[in-house]
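Structure at a glance
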Amino acid sequence: HWRTCDCDRRAMSSLSSRLSGQMVLAPLTRGGNLPFRRLCAEFGAEVTLGEMIFARQLLKGDVIERARLRRASNEQVFGVQIATNDIEEGVGAAKLAAAAGADWVDLNCGCPIHEATRRGLGSAMLRQPVRLERLVRGIAAGSPLPVSVKVRLASEGGDVNVREVVGRLRAAGAAAVTIHGRTAEARYSKAADWRLIAECVEDNAEAGGGMPLLGNGDLLTQYEAHGRMAQSGVDGVMVGRGALIKPWIFKEFRDRRAWEPSAAERVAVYRQLACFMKEHFGDDAKGRRKAWYFLPWHFDFLSRYRPLPEEEFGERAAAAPLMQTRLPPAPATT
């Protein structure tokens, strides 16, 4: 059993009202750039997270990491995600995020990529829940912003310990927790375990509630998102690949109905992203190089879009939720 103090409850409350009922844009490596977040906000994303920032490099003044603090003008509620395993670093990064205008800070404890785990960051931090609790408690105590945490079900090669982790994060004063329903080892190869996410929701309620829990994994349509919220009891959902494939998923979630754009409408969306890139990076040779680092990568995801009407794909999504197993094949071209 883990207790929560009054100051922690205030942090939970300040973020809770902003996350409740929301579809949140996940922090996306490479994809979480400002122009793409701006596009998602145009389509109704009210809560967005920037790309993960290594706190140590940020505090050393790294230009790229500093740039990731920037907020698009239309982002209503904007969070900065940091990677650190040091309290002083975390507090310092949180202060810079606050100075840059962020609404909250998220601690990355879910990233399975080697660049993070080799430093003892990301999902590697799930191996030591007690140490993680101390870390979050220290950062939350010194941060001028609410501190949330994003986790997976387990570290790579580790036992599934997400229920203990979430309980300890609650005790440490985390303002919210997002649960990606896969282990680090599974990456994206197995379906997200929303049953286990629901068990974490039950544990949280038994501990007194108040701390928002968000669920993440295999959400490609608005009907799945609303269905998972209802079935698991999470306060909100977070989407990553679903938004990369169709940035208008936020509009669909808000309207509770699909938008199936024509080819011309899709091209207009993609052109808008390119225009946002041009506006953000500039139209000189340097700006075009930066934009072309991102655009082909984005188009690889955008080209995967297929309409998935609920009457045709609803049952398939429930039976085989792993995203890549239920996308219909691309139509043949001649």
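Note that the structure is predicted; figures quoted are calculated from it, not measured. (Residues numbered from 1 in each chain as written. Predicted model: local features only at pLDDT ≥ 70, side-chain atom pairs only at ≥ 80, totals over all residues. Heavy atoms only, no water.)

1. Observations concerning the pattern of salt bridges
Selection rule: A pairing counts as a salt bridge when a side-chain nitrogen of Lys or Arg comes within 4 Å of a carboxyl oxygen of Asp or Glu. The helix and strand labels rest on DSSP assignments: H or I over at least four residues marks a helix, E over at least two residues marks a strand, and numbering proceeds from the N terminus. In this scheme, a residue with accessible area under 20% of its type's maximum is buried, one over 50% is exposed, and one in between is partly exposed, where area comes from a 1.4 Å probe on protein chains only.
In the structure shown here, the tally under the stated rule is 24 salt bridges. Among the salt bridges present, the one from Arg-56 reaches Glu-89, with a minimum N-O distance of 2.4 Å. Of this pair, Arg-56 sits in helix 3 (residues 55-59) while Glu-89 sits in helix 5 (residues 87-99); the two residues are 33 residues apart in sequence, bridging distant segments of the chain. Residue classification places Glu-89 among the buried residues on the basis of a relative accessible area of 12%.

2. What about the state of the cysteines?
Note the following rule: Note on terminology: pairs of cysteine sulfur atoms within 2.5 Å are recorded as disulfides.
This model, assessed by the stated rule, comprises zero disulfides. Cys-111 takes part in no disulfide bond, and the closest cysteine sulfur, belonging to Cys-109, lies 11 Å away. According to the relative accessible area criterion, Cys-111 is buried, its value standing at 10%.

3. Section: helix 13 (residues 263-281)
Put simply, the test is: One fewer than the residue count of a helix, multiplied by 1.5 Å, yields its expected span. Taking the helix axis as origin, the arc is that swept by the directions to the C-beta atoms. Residue contacts follow a heavy-atom distance rule, with two residues in contact if any of their heavy atoms lie within 4.5 Å.
For helix 13, with 19 residues, the first-to-last C-alpha span of 27 Å sits near the 27 Å given by 1.5 Å per residue. Those residues of helix 13 that sit buried are Val-269, Tyr-270, Leu-273, Phe-276, Met-277 and Phe-281. Buried residues in helix 13, looked at end-on, bunch into an arc of 115°, giving them a common side. Exposed residues lying more than 90 degrees from the buried face of helix 13 are Ala-264, Val-267, Arg-271 and Glu-279. Residues of helix 13 that are buried in the fold lie against helix 2 (34-42) and helix 14 (285-302). Immediately beyond the C-terminal end of helix 13, within one or two residues, lies Gly-282, with a positive phi of roughly 100°.

4. Thoughts on the packing of aromatic side chains
Definition in use: For Phe, Tyr and Trp, rings pair up if their centres lie within 6.5 Å, where Trp contributes its six-membered ring, and each pair is then called stacked (planes under 30 degrees apart), edge-to-face (over 60) or tilted (otherwise).
The final tally for this structure, using the stated rule, is eight aromatic pairs. For the pair Tyr-270 and Phe-299, a centre-to-centre distance of 6.0 Å together with 70° between the ring planes defines the contact as edge-to-face. In this pair, Tyr-270 is assigned in helix 13 and Phe-299 in helix 14, connecting sequence segments 29 residues apart. Given a relative accessible area of 13%, Tyr-270 falls into the buried group. For the ring pair Trp-297 and Phe-301, a centre distance of 5.0 Å and an interplane angle of 55° mean the geometry is tilted.

5. Focus: the environment of Thr-178
Position of Thr-178 relative to the elements: it lies in strand 7 (residues 176-180). Thr-178 gets classed as buried once you look at its relative accessible area, which sits at 4%. Setting aside residues no more than four positions away along its own chain, Thr-178 makes contact with Val-149, Lys-150, Val-151, Leu-214, Asn-216 and Met-238.

6. Things to note about the pairing of strand 6 (residues 147-152)
For clarity, the cut-off: When DSSP finds two or more bridges between a pair of strands, those strands are recorded as paired.
Among the six residues of strand 6, six are classified as buried, and the element is accordingly described as predominantly covered. Side chains Val-147, Val-149 and Val-151 project from strand 6 onto one buried face, and the interleaved Ser-148, Lys-150 and Arg-152 project onto a second face that is buried too. Of the strand pairs in this sheet, strand 5 (residues 104-109) and strand 6 are connected by five bridges, and their pairing is parallel. Its bridge partner lying in strand 6, Cys-109 is registered against Val-151. Alignment of strand 6 against strand 7, held across five bridges, turns out to be parallel. Note on strand 7: the bridge partner recorded for Lys-150 is Thr-178.

7. Side note on a negative patch on the surface
Put simply, the rule reads: Each patch is built from salt-bridge-free residues with over 30% relative accessible area, joining like charges within 9 Å and nonpolar side chains (Val, Leu, Ile, Met, Phe, Trp, Tyr) within 5 Å. Note on areas: Shrake-Rupley with a 1.4 Å probe; residue coverage comes only from the protein chains shown. When charges are tallied, Lys and Arg are placed among the positive residues and Asp and Glu among the negative ones, while His and the ends of the chain are skipped. To locate a charge, take atom NZ for lysine, CZ for arginine, CG for aspartate or CD for glutamate.
A cluster of like negative charges, contributed by Glu-260, Glu-310, Glu-311 and Glu-312, occupies part of the molecular surface. Locating Glu-260 in the fold gives a position in the loop between helix 12 (249-255) and helix 13.

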